[in-house]
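Chain by chain, the residues run as shown.
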Amino acid sequence: MEHLKKLSLKGFKSIRDVTLELRPLNILIGSNGAGKSNLVLFFKMLNEMMGGRLQNFIATSGRSQSLLHFGPKVTPQIEASLIFSASNGTDTYKLRLFHAVGDTLVFAEETLVFHQTGWPQPKKPVSLGAGHQETRIVEEAEQDLIIAKTLRYFLANCRVYHFHDTSPTAHARQYCYIGNNRWLMPDAGNLAAILYRLKRQNGGAAYDRIIKTIRMIAPFVDDFDLAPSAENDREIILNWRHVESPQIFGPHQLSDGTLRAICLITMLLQPEDELPGLIVIDEPELGLHPYALNVIASLMKKASHHAQLLVSTQSSAFLDNFAPEDIV
């Protein structure tokens, strides 16, 4: 399975210098302030970068002063190297983001390297230049540069999920556009649309697995009542039915822990060919009963056969579900 083999990161927030050898399943554990959440945030930055929104991410994150380790006077640049294992070798993406006027960051280096299996040395690195504010991988891939196309695919398939917000105004509790159903959003804001599609796709096989697993954690849930809104057939909301009542309930009548569990189960039980290449999850244990944690851990182990997982946790009970070699 193609996956992120090695990550080196320097100068990003609380992370001074770290190198990680990664496996299909990686569970991050550490004390408060150890850098787990900042490692997750780095992948969030990659998501935004691949969408052409790096400068927006920098601005909304407190500008470079907040992203550089102890600020630009101590650490003037962020360095990163991501080595992806492919079927015929390894592809490496290197970047250096340097502090610039306006308290922002610009690319001081952006380099792509391919090392073919069996060859003693990698091919000549491809430099994408310096001084630009947004990544040039996308435009180089559109010019048919093979290594750029490969790395664009790898980086675009790194997805960060955080289901922390389960407040009354959380996106997962609101109406969403029914056509936004290709990928589960990072905050599960299109959860109803995803489930509606899965129920109508391939005889509902994936949907049935999701419902059966949800009932293991929340046995009072009979099924979802998913249909376009009568007022606007382009919108849908996460209505559901209770096993003891014919009444239809809304998403605001789900507890925080139940809603988080539904989000996690749906994300992990998507059809195998729809799973992102790298799934990054921050603190899945929030609000979950120990039995629910065991179920989620089991789903993660199964999903790791088809996608790579990087999971940050502070729960020792959750950690007990995994093998020592899975722990970082």
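Presented here is an overview of the structure given in this document. (Residues numbered from 1 in each chain as written. Predicted model: local features only at pLDDT ≥ 70, side-chain atom pairs only at ≥ 80, totals over all residues. Heavy atoms only, no water.)

### Side note on helix α5 (residues 146-156)
No. 1: Turning to α5, its buried residues are Ile147, Ala148, Leu151, Phe154 and Leu155. Buried residues in α5, looked at end-on, bunch into an arc of 125°, giving them a common side. (Buried < 20%, exposed > 50% of the residue type's maximum accessible area, 1.4 Å probe, protein only. Helix = DSSP H or I, 4+ residues; strand = E, 2+ residues; numbered from the N terminus. Arc of directions from axis to C-beta.)

### Describing the packing of aromatic side chains
No. 1: In total, this model carries eight aromatic pairs according to the counting rule given.
No. 2: Each ring, one from Phe84 and one from Phe154, has its centre 4.7 Å from the other, and the planes form 5°; the classification is stacked. Here Phe84 is found in strand β4 (residues 77-86), whereas its partner Phe154 is found in helix α5, with 70 residues between them in sequence. For the pair Phe84 and Phe154, a shared accessibility class is recorded, and that class is buried.
No. 3: On the numbers, 6.0 Å between centres and 40° between planes, the contact of Tyr161 with Phe163 is tilted. Exposure class is identical for Tyr161 and Phe163. Each is buried.
No. 4: Put simply, the rings of Phe12, Phe42 and Phe43 pair up and form one aromatic cluster.
No. 5: Geometry around Trp183 places Arg159 over its ring, the cationic atom sitting 4.4 Å from the centre.
No. 6: Geometry around Phe322 places Lys301 over its ring, the cationic atom sitting 6.0 Å from the centre. (Phe/Tyr/Trp six-rings, centres within 6.5 Å; stacked < 30°, edge-to-face > 60°. Lys NZ or Arg CZ within 6 Å of the ring centre and 35° of its normal.)

### Overview of the sheet that holds strand β13 (residues 248-249)
No. 1: Pairing is antiparallel across the open sheet formed by three strands, whose spatial order is β10-β12-β13. Sheet topology places β10 (221-224) and β13 at the edges, where each strand pairs with a single neighbour.
No. 2: Note: β10 against strand β12 (residues 240-242), three bridges, orientation antiparallel. Each bridged residue has a counterpart across the sheet, and for Asp223 the counterpart in β12 is Arg241. (Pairing = 2+ DSSP bridges.)

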